[in-house]
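Chain by chain, the residues run as shown.
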Amino acid sequence: MSEPAHAPSTGHELEQSKFGLYVEIAMLLAVITGLELVTVYLPFMRWLLISVLVILSTVKFMFVIFYFMHLRWDKAFCTILFFIGLVLAGGTMWALLKLFGSEASKPLDSARIDPPAAVLRVS
Amino acid sequence: MSTAAAGAIDHHNDPTTSTGIPNKKLLMWAFLASDCMFFGCLISTHLIYRLHPPPGTPPARQVFSIELTSFSTFILLMSSLMMALAVNAIQKGNLKSLRWSLLTTIFFGCIFLGCQVYEFRNFVFEKHLTITNSILGTTFFTLTGTHGLHVLIGVIWLSGMLIYSFTGRLGEKDSIDVEMMGLYWHFVDIVWIVIFTAVYLLEYI
């Protein structure tokens, strides 16, 4: 999570070591992407595969925002501000998927829908 | 500017603002938070229609090309690395390194856009999936097209910054401008991380 900024001397050392850190993280992200690809072809239960994919994507997401986007070194307010948007977006997605994923939300089969009375009168 | 001088500027704090955060950075984080909700709605819409596909919807697995999309994802991740190195370079006052990093990021961004154009072309002309002939096409093209538009805006912004770096007016003191651009570019990357899983990979399970 976010930490207060370091003293200039420590900050300078940090800038020097960031190059190697960024390359390592990028390689890790590439490996995780490869793992995601392998995961979809594994003969396991669907819920397990979906869970693994969600976890791997979340790990990638967190690495990018905390290291590449500097949230780890910036003030905590930046993290809070971004997570407000993220939580609202995630909450909206969750609510919509729950609503439309329920049995009662399944669309009616068009072949089984009785035609409106007006249509019957015309025919 | 020499590397030794880099430690003199604190790139993560601005004591002149009430929050201690540079105003431009705060603005960008607020914008990205709102863009999260925008993409959240687009992704939800796509997933809802995938939960209950109407009759006649083509199987997405037969339409998508996971090899091409994986390549695009790898390219975008590498562009994020180059963008992070560009921000690191300007914070050290290293203009030469900044230019090379920006140029590589633009290059990777263009490859990503090229892959997307190829994919769209393939879907429309080979797979006969258009934005109007099925719900899958409507939600897919709207979502990935909006993301592609964000990438295009990012590439234009990067190109502008690259040209500006040759005017001699860009220095370590302006690193916040490059950092803002970097935040935007990384955001485009994290949105793709979610799209790659939610839109493409889930179809293969």
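Quick caveat, the model's predicted, so the values are computed rather than measured.

**Student:** Just checking my understanding: could you explain the confidence of the model for chain A for this structure?
**Tutor:** Residues shown with low pLDDT carry predicted positions that ought not to be read at fine detail. All names here are of chain A. When pLDDT is averaged along chain A, the result is 83, and 75% of the positions lie at 70 or above. Mean pLDDT per element in chain A: helix 4 (residues 117–122) is the minimum at 54, and helix 2 (residues 46–68) is the maximum at 96. Predicted confidence is poor over residues 1–9, with pLDDT under 50, and the contacts of this stretch with residues over four places away or in other chains come to 21 contacts.

**Student:** Which parts of the structure should I look at to understand the packing of helix 1 (residues 23–51) of chain B against helix 5 (residues 135–164) of chain B?
**Tutor:** Each pair of packed helices gets described by two things: the angle between the helix axes and the distance between those axes. Residues and elements named next belong to chain B. Two numbers describe how helix 1 lies on helix 5: the axes approach to 9 Å, and their chain directions differ by 160 degrees. Taken together, helix 1 and helix 5 sit at an angle that is classed as roughly antiparallel. Handedness of the helix 1/helix 5 crossing: left-handed. Mapping the contact onto sequence places Leu42, Ile43, Thr45, His46 and Tyr49 in helix 1 and Ile135, Thr139, Phe140, Thr142, Leu143 and Thr146 in helix 5.

**Student:** What exactly am I supposed to notice about helix 1 of chain B here?
**Tutor:** Quick reminder: α-helices carry 3.6 residues per turn. Residues three or four places apart thus point the same way. With 29 residues, helix 1 of chain B should cover 42 Å at 1.5 Å per step; its first-to-last C-alpha distance of 42 Å lies within 8% of that length. For helix 1 of chain B, the full list of buried residues reads B:Lys25, B:Met28, B:Trp29, B:Leu32, B:Ala33, B:Cys36, B:Phe39, B:Gly40, B:Ile43, B:Ser44 and B:His46. Lining the buried residues of helix 1 of chain B we find helix 3 (76–101) of chain A together with helix 5 and helix 6 (175–200) of chain B.

**Student:** What am I meant to see in the packing of helix 4 (residues 95–126) of chain B against helix 5 of chain B here?
**Tutor:** All names here are of chain B. Interhelical geometry of helix 4 versus helix 5 gives an angle of 155 degrees and a closest axis separation of 9 Å. In terms of orientation, helix 4 and helix 5 fall into the roughly antiparallel class. When the axes of helix 4 and helix 5 are compared, the crossing they make is left-handed. Where helix 4 abuts helix 5, its residues Arg99, Leu102, Leu103, Thr105, Ile106, Gly109, Cys110, Phe112, Leu113 and Gln116 lie against Thr144, Gly148, Val151, Leu152, Gly154, Val155, Leu158, Ser159, Met161 and Leu162.

**Student:** Just to check I follow, could you spell out the nonpolar core for this structure?
**Tutor:** Proteins that are soluble and globular tend to have nonpolar side chains buried together. B:Leu32, B:Leu81, B:Ala86, B:Tyr184, B:Val191 and B:Ile195 are the most contacted members of the largest nonpolar core, which totals 69 residues. Secondary structure elements with two or more residues in this core: helix 1 (8–39), helix 2 and helix 3 of chain A together with helix 1, helix 3 (66–91), helix 4, helix 5 and helix 6 of chain B. Top element by residues in this core is helix 6 of chain B. It accounts for 18 residues. Ignoring anything within four residues of it in the chain, the contact list for B:Leu81 reads A:Tyr22, A:Val23 and A:Ala26.

Rules of the game
Along each chain, numbering runs from 1 in the same order as the chain's sequence is written. Chain A is the first chain written and ligand 1 is the first ligand written, with later ones labelled in order. For a predicted model such as this one, the threshold for reporting local features is a pLDDT of at least 70, and the threshold for listing and counting side-chain atom pairs is 80 or more; totals across whole chains, interfaces and linings nevertheless cover every residue. pLDDT gives the predictor's per-residue confidence on a scale running from 0 to 100. Here a strand is any run of E in DSSP of at least two residues, a helix any run of H or I of at least four, and the numbering for each starts at the N terminus. Distance between backbone-placed C-beta atoms decides contact: two residues are in contact if it is within 7 Å. Orientation is described by lines fitted to C-alpha atoms, with helices fitted over the stretch in contact, and by angles between N-to-C directions that extend from 0 to 180 degrees. Angular relationships are summarised with four words: roughly parallel below 35 degrees, roughly antiparallel beyond 145, roughly perpendicular across 65 to 115, and oblique for the angles in between. Working rule for handedness: look at the near helix, and if it is turned counterclockwise from the far one by less than a right angle, call the crossing left-handed; if clockwise, right-handed. The length a helix should cover is 1.5 Å for every residue beyond the first. Exposure criterion: with C-beta atoms placed from backbone coordinates, a residue whose C-beta has 20 or more other C-beta atoms within 10 Å is buried, one with 12 or fewer is exposed, and one in between is partly exposed. Any nonpolar core is a set of buried residues, restricted to Ala, Val, Leu, Ile, Met, Phe, Trp, Tyr and Cys, that join up through C-beta atoms within 7 Å.

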